[in-house]
Amino acid sequence: MMTDTEFDIFLVAAPGTETALRDEAREKGFKSPQILPGGVTVKGTWGEVWRANLHLRGAARVLARIGEIRAFHLAQLDKRARKFPWGDVLRPDVPVKVEVTTNKKSKIYHAGAAIQRFEKAITEELGAPISNEAEVRIKVRIDDNLCIISIDTSGEALHKRGHKPAVGKAPMRENLAAMFLRQCDYDGKEPVVDPMCGSGTFVIEAAEIAMGLIPGRSRSFAFEQLANFDEAAWQQMRSAGQGAETELRFYGSDRNAGVIDSTITNAERAGVDGCTVFTHQAVSDLMPPEGQPGLVIVNPPYGARIGNKKLLYALYGALGKTLSTRFSGWRVGIITSEPGLAKATGLPFLPTGAPVAHGGIKIRLFQTAPLP
């Protein structure tokens, strides 16, 4: 049962991508996007919650704020949690998991005790079972004695688009790749080349953007298991904007032949095999495709996770030499954790932006203006 009442929707962002996600939310028509610690908040209805999950490339999760409770001690929390209208959102036949974060500014500071009170209220008042494996998750943040109650409407993290079974050794998450493309001013109107493409994330994301494909088209979401879910309205939203052909081409290459085979499979499953070209070759053999210049974007090994850092300087140097001598007019974006490795390319980088957390390390985008 859908309503027109607006509430706060929190778009979880990978640390360092908040500004890019705010810009994407604004571009896609979400109301009042504002950066907060950990993400971006917008205003909207449940229809906007669905749309955020379906359309936003940069969000990691979408949390819907469903209410709040003021509580100064556990007995008060127990009583007020029982009166909360859980049935407006939760179904009695769908398992739920409750997660609580708190701090020393609140009299209720024991998260485990608070979780017990919420779980008991949901099971005894609504009848819904509790499960650690539940896809539907209630997230409570207790701050200054106010319990802010949200529901994770995504389920699996949103970087899992649902059409990429094969991943490389150190995969770039799709939501991060989309935000790095945005930071490089990529708008789907130019070719993209990735000379160390791995499982093809940058190439496939770029091709999807150019074709107007919806990122969440191949997967399901936790909100489909909520009491207020409207199947007919959802199918209507999901069927709109299924993309169109593009004359642009997107190129990926890698020195690992086995990776290329699985990357071609990924592109086929994503429906972008008609505009993507993947080849097995070394960086030193890379040549620019015919036609207009565009963007070269690459996530090379950093040494932190893959390979010996000392051996990587030659690789970065070869990459820089290939790009500077053959890719005149192209912009370049290189993602790495090591400024020294980026410098080894000899490319004229612009000032760098904020670091981005990825796999336990901080990485940065080093980008150029069109090369001379």
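Computed from a prediction, not measured in an experiment: that's the story for all the values here.

**Student:** Any chance you could break down the pattern of salt bridges for me, citing the residues and the numbers?
**Tutor:** Where side chains of opposite charge bring their charged atoms close, a pairing between them can arise. Counted under the stated rule, the structure contains 24 salt bridges. Put simply, Arg 61 and Asp 152 hold a salt bridge, and the shortest N to O gap is 2.8 Å. One end of the pair, Arg 61, is in strand S4 (residues 61–70); the other, Asp 152, is in strand S7 (residues 146–152), with 91 residues separating them in the sequence. Overall, the relative accessible area of 25% leaves Arg 61 in the partly exposed class. Judged by its relative accessible area of 3%, Asp 152 falls in the buried class.

**Student:** Quick rundown of the environment of Glu 24? Include the residues and the values.
**Tutor:** As for its position among the elements, Glu 24 is in helix H1 (residues 18–27). Taking the C-alpha atoms as reference points, Glu 24 and Leu 56, 32 residues apart in sequence, are found 7.3 Å from one another. If we skip the residues at most four places from it in the chain, Glu 24 touches His 55, Leu 56, Arg 57, Gly 58, Met 179 and Arg 182. Engagement of the side chain of Glu 24 in a polar contact is seen with the backbone nitrogen of Gly 58, the distance being 3.0 Å.

**Student:** Which residues make up the domain arrangement of the protein, and what values do they have?
**Tutor:** Think of interface size as the accessible area that goes away when the parts come together; that is how it is often given. Domains assigned within the protein are domain 1 (7–152) and domain 2 (174–213 + 248–368). Counting residues at the interface gives 13 residues for domain 1 and 15 residues for domain 2. Inspection of the domain 1/domain 2 interface yields 3 salt bridges. Between Glu 27 and Arg 182 there is a salt bridge, with the nearest N and O atoms lying 3.2 Å from each other. Counting across the interface, domain 1 meets domain 2 through 5 residue pairs in polar contact (both at pLDDT 80 or more).

**Student:** Describe in detail the sheet that holds strand S6 (residues 136–143), supporting the description with residues and values.
**Tutor:** With mixed pairing, the 7 strands of this open sheet are ordered in space as S2-S3-S1-S4-S7-S6-S5. Each edge of the open sheet carries a strand with a single partner, namely strand S2 (31–36) and strand S5 (96–101). Direction aside, neighbouring strands of the sheet carry axes that sit 30 degrees apart on average. Bridge count between S5 and S6: 6 bridges; the pairing is parallel. Along S6, the bridge assignment pairs Val 98 with Ile 138. This element, H1, spans strand S1 (7–12), S2 and strand S3 (39–44) of the sheet and lies at about 175 degrees to S2. Helix H4 (residues 111–126) contacts S4, S5, S6 and S7 of the sheet and is inclined by roughly 150 degrees relative to S5.

**Student:** Hey, could you go over the sheet that holds strand S11 (residues 295–298) for me, with residue numbers and the actual values?
**Tutor:** The strand order across the open sheet formed by 7 strands is S10-S9-S8-S11-S12-S14-S13, and the pairing between neighbours is mixed. Each edge of the sheet is formed by a strand with only one pairing partner; in this case those strands are strand S10 (276–280) and strand S13 (356–358). The mean angle between the axes of side-by-side strands here comes to 20 degrees, regardless of whether they run parallel or antiparallel. Note that strand S12 (residues 331–336) and strand S14 (residues 361–367) share 4 bridges and pair antiparallel. Directly across from Thr 336, in S14, lies its bridge partner Arg 364. Packed on one face of the sheet, helix H6 (residues 201–211) meets strand S8 (192–194), strand S9 (250–254), S10, S11 and S12 and runs near 175 degrees to S9. Set on the sheet, helix H8 (residues 257–270) makes contact with S9 and S10; between it and S10 the angle comes to about 165 degrees.

Scoring rules and cut-offs
- Residues numbered from 1 in each chain as written.
- Predicted model: local features only at pLDDT ≥ 70, side-chain atom pairs only at ≥ 80, totals over all residues.
- Heavy atoms only, no water.
- Salt bridge = Lys/Arg side-chain N within 4 Å of Asp/Glu carboxyl O.
- Helix = DSSP H or I, 4+ residues; strand = E, 2+ residues; numbered from the N terminus.
- Buried < 20%, exposed > 50% of the residue type's maximum accessible area, 1.4 Å probe, protein only.
- Contact = heavy atoms within 4.5 Å.
- Polar contact = N/O pair within 3.5 Å; in protein donor to acceptor, adjacent residues only side chain to side chain.
- Domains from an automatic or database assignment.
- Pairing = 2+ DSSP bridges.
- Axes fitted to C-alpha atoms, helices over the stretch in contact; angles between N-to-C directions.

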